[in-house]
Amino acid sequence: INRDKYFQLDKRSSLFIDYQEIRIQELPEELPAGHLPRAFDVQIIGDLVNQIRPGDRVDVTGIIRAEEEDVSKIDKLTTFNAVIEARHIQVIGKEPEDLPLAKEDQERITKLAKDEQLYDKLIQSVAPFIHGHENEKEAILLLLAGSPRKTFSDGKNIRGDINILLVGDPGTAKSELLKYVAKIAQRGLYTSGKGSTAAGLTAAVVREKNGGMMFLEAGAVVLADQGVAAIDEFDKMRAEDRSALHETMEQQTVSVAKGGIVATLNARTSIIAAANPTFGRYDIYKNLHENLENIPTPLLTRFDLIFAVRDEKDRVKDEKLARHILDTHRKEEQVISPPIDFKLLKKFIIHSKKIKPKLTKEAQDKILEYYLATRDIPEEDMVIITPRQLEGLIRLSTARARILIKSKIKE
């Protein structure tokens, strides 16, 4: 019987509703090491459609259904996919600093804030298992605190996130510092440059298996929105993959125009990257550009701080480092216990993000004086100094005031 003769869709009498399919994935920071993130398809109808964007963190309440897959001609077995029919969707964790702190933690943080040696104690508490690197640890502390994002009446935004690049010799604990940052940050993602593509870092457009619809999959910097993305082996990335970060590092967005989808996603992410020099070891007789021939100047100017981490031969320093490593292996624990433990430091950083320090006239004059002095240094000796570096100085000053729980940026 040809049922089409008897049953036909009456479009005029039908009621059509909005429909959307999304895919939710496990939170990257909650994923055990070595595990692949599990994903789940969610069907959305009605008012819930278009309420969320790729990269958002959501709580989904719904009913799990089994949906039959398309059965191929060769395979006679019928398989089913589990899908969620959403009934309620709530966007969570828009601001990491909105997380409430327990009363006892609040009291410990208030007590710490009054300590005159607070700044030194905070630096000593960053990656205590790594010997030395005080300047790099201070920079990491400021990166984690960050600076507030400024939005003007016309919609213009000025980024508050700090970007750091570590360039240096092999075996100087660059990767360990990056992994520590990804662990202590409220939202932290670690990725290696060699295993990352432009689509994997920003966003990919994927065709759905069953319906053939095109949808966006968020990349690392979109998933780390309002957090930190740590990119190791930065020099070993392909040039076209690295160029995808130009927009992310300054405008803090990811623009996609692929497969008929044109979209702009938020990527308010601090980036900390590590790279090896072009010739394996850092050559002190060459400037930074010659040591990093693979990385273009426009991308280097987007980093607020660039560190040359060198492994110099010094018997006294070598002995201290060797003893530190040997003691760590012998005791199988941290040799030097940090003044502030890991969990409290994490909560302290979250608390510091609630503060929005104001720039004072004295600090403004000091920053201006330093900026003009750096502009006078010959370009062949360093990275080209642009107005981006002036904004970088303001961000670093604000982050320092934040971490010291100060409401004003003073000289």
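All values reported here derive from a predicted model rather than from experimental measurement.

(A) Region of interest: the overall build of the protein chain. When helices and strands are tallied, the protein chain shows 14 helices and 17 strands. Overall size of the protein chain, expressed as C-alpha extent along the three principal axes, is 90 × 50 × 50 Å. In the protein chain, which comprises 411 residues, the share counted as buried stands at 39%. When the accessible surface of the protein chain is split by element, carbon and sulfur atoms take 51% of a total near 24700 Å². Here the protein chain contributes 63 positively and 65 negatively charged side chains, and the mean placements of these two sets differ by 2 Å.

(B) Region of interest: the pairing of strand β11 (residues 228–232). Buried residues dominate β11, accounting for 5 of its 5 residues. Across the two faces of β11 the burial is the same, with Val-228, Ala-230 and Asp-232 and Ala-229 and Ile-231 all buried. Summarising the sheet, strand β8 (residues 188–192) and β11 pair through 5 bridges and their orientation is parallel. Within the sheet, the bridge partner assigned to Tyr-190 lies in β11 and is Ala-230. Inspection of the sheet shows β11 paired to strand β14 (residues 270–275) by 4 bridges, in the parallel sense. Counted as the bridge partner of Ala-230 is Ile-272 from β14.

(C) Spatial organisation of the side chain of Arg-242. Locating Arg-242 in the fold gives a position in helix α7 (residues 239–242). Despite being buried, Arg-242 has no salt bridge partner; Asp-235 is the closest side chain of opposite charge, sitting 7.0 Å away.

(D) Focus on helix α12 (residues 342–352). Along α12, the positions that sit buried rather than exposed are Leu-344, Leu-345, Phe-348, Ile-349, Ile-350, His-351 and Ser-352. Against the buried residues of α12 lie α1 (103–113), α2 (118–125), α3 (134–145), α4 (174–184) and α14 (387–403). Taking the backbone nitrogen of Lys-343 as reference, a side-chain oxygen 3.2 Å away marks Asp-341 as the first, capping residue of α12.

(E) Representation of the sheet that holds strand β2 (residues 39–45). Ordered by their spatial adjacency, 4 strands build an open sheet running β1-β2-β4-β3, and the pairing between neighbours is mixed. On the outer flanks of this sheet lie β1 (19–25) and β3 (57–68), each paired with one strand and no other. For this sheet, the mean inter-axis angle between neighbouring strands, taken without regard to orientation, is 40 degrees. Where β3 meets strand β4 (residues 80–92), 12 bridges bridge the pair, whose relative direction is antiparallel. What sits directly across from Ala-66, in β4, is Ala-82.

(F) Region of interest: unusual backbone geometry. Phi is positive for Ala-173, close to 65 degrees, though the residue is something other than glycine. A relative accessible area of 25% means that Ala-173 is categorised as partly exposed. The residue Glu-233 is not glycine, and still its phi comes out positive at about 50 degrees. As for its position among the elements, Glu-233 is in the loop between β11 and α7. Judged by its relative accessible area of 23%, Glu-233 is partly exposed.

(G) Spotlight on the pattern of salt bridges. Enumeration over the complete set of coordinates arrives at 13 salt bridges. The partner of Arg-38 in a salt bridge is Glu-26, and the shortest N-O contact between them spans 3.2 Å. Linking Arg-38 in the loop between β1 and β2 with Glu-26 in the loop between β1 and β2, this pair joins segments that are 12 residues apart in sequence. What makes Arg-38 exposed here is its relative accessible area of 62%. Residues Arg-323 and Glu-319 are paired through a salt bridge, measuring 3.1 Å at the closest nitrogen-oxygen approach. Taken together, the positions of Arg-323 and Glu-319, both in helix α11 (residues 315–331) and 4 residues apart, correspond to about one turn of that helix.

(H) How the structure looks around the packing of α4 against α12. In the contact formed by α4 and α12, the axes pass within 10 Å of each other and the chain directions differ by 70 degrees. Taken together, α4 and α12 sit at an angle that is classed as roughly perpendicular. Seen from α4, the contacting residues are Tyr-180, Lys-183 and Ile-184; seen from α12, they are Phe-342, Leu-345, Lys-346 and Ile-349. Among the residues forming the contact of α4 with α12, the class breakdown is 5 nonpolar, no polar and 2 charged.

(I) Focus on α14. With 17 residues, α14 ought to run about 24 Å at 1.5 Å a step, and its terminal C-alpha atoms sit 25 Å apart, in line with that. Considered for burial, the residues of α14 that qualify are Gln-389, Gly-392, Leu-393, Arg-395, Leu-396, Thr-398, Ala-399, Ala-401, Arg-402 and Ile-403. Taken together, the buried residues of α14 touch α2, α3, β15 (305–309), α12, α13 (361–375) and β17 (408–409). A positive backbone phi angle near 55 degrees is found at Ile-405, which sits one or two residues after α14.

The rules behind each value
- Per chain, residue numbering runs from 1 following the sequence as it is written.
- Since the coordinates come from a predicted model, pLDDT governs what is reported: local features require at least 70, and pairs of side-chain atoms require 80 or more to be given and counted, while whole-chain, interface and lining totals use all residues.
- The side-chain numbers reported here are obtained from all heavy atoms of the structure, hydrogens and water having been left aside.
- For helices the rule is a DSSP run of H or I covering at least 4 residues; for strands it is a run of E covering at least 2, with both sets numbered from the N terminus onward.
- A 1.4 Å probe rolled over the protein chains alone gives each residue an accessible area, and that area as a share of the maximum for its type sets the label: buried under 20%, exposed over 50%, partly exposed in between.
- With residues, only the protein chains shown are counted as cover, and all accessible areas are computed by Shrake-Rupley using a 1.4 Å probe.
- Counted charges follow a simple rule, with Lys and Arg positive, Asp and Glu negative, and His plus the chain ends left uncounted.
- The atoms used to mark charge sites are NZ of Lys, CZ of Arg, CG of Asp and CD of Glu.
- Strands are treated as partners if at least two bridges between them are detected by DSSP.
- Salt bridges are counted wherever a side-chain nitrogen of Lys or Arg sits within 4 Å of a carboxyl oxygen of Asp or Glu.
- A contact between two residues is defined here by any heavy atoms of the two lying within 4.5 Å.
- Polar contact criterion, stated in full: a pair of N or O atoms within 3.5 Å, where within protein one must be able to donate a hydrogen and the other to accept it, and residues adjacent in sequence count only if both atoms are side-chain atoms.
- To get an axis, fit a line to the C-alpha atoms, keeping to the stretch in contact for a helix; angles then go from 0 to 180 degrees between the N-to-C directions.
- Angles are sorted into four bins: roughly parallel if under 35 degrees, roughly antiparallel if over 145, roughly perpendicular if 65 to 115, and oblique for all others.
- In this count, Pro and Cys sit with the nonpolar residues alongside Ala, Val, Leu, Ile, Met, Phe, Trp and Tyr, while Asp, Glu, Lys and Arg are called charged and the others, Gly among them, polar.
- Multiplying 1.5 Å by the helix residue count minus one yields the expected span of that helix.

Interpretation note: all reported values are geometric properties and have no functional meaning in isolation.
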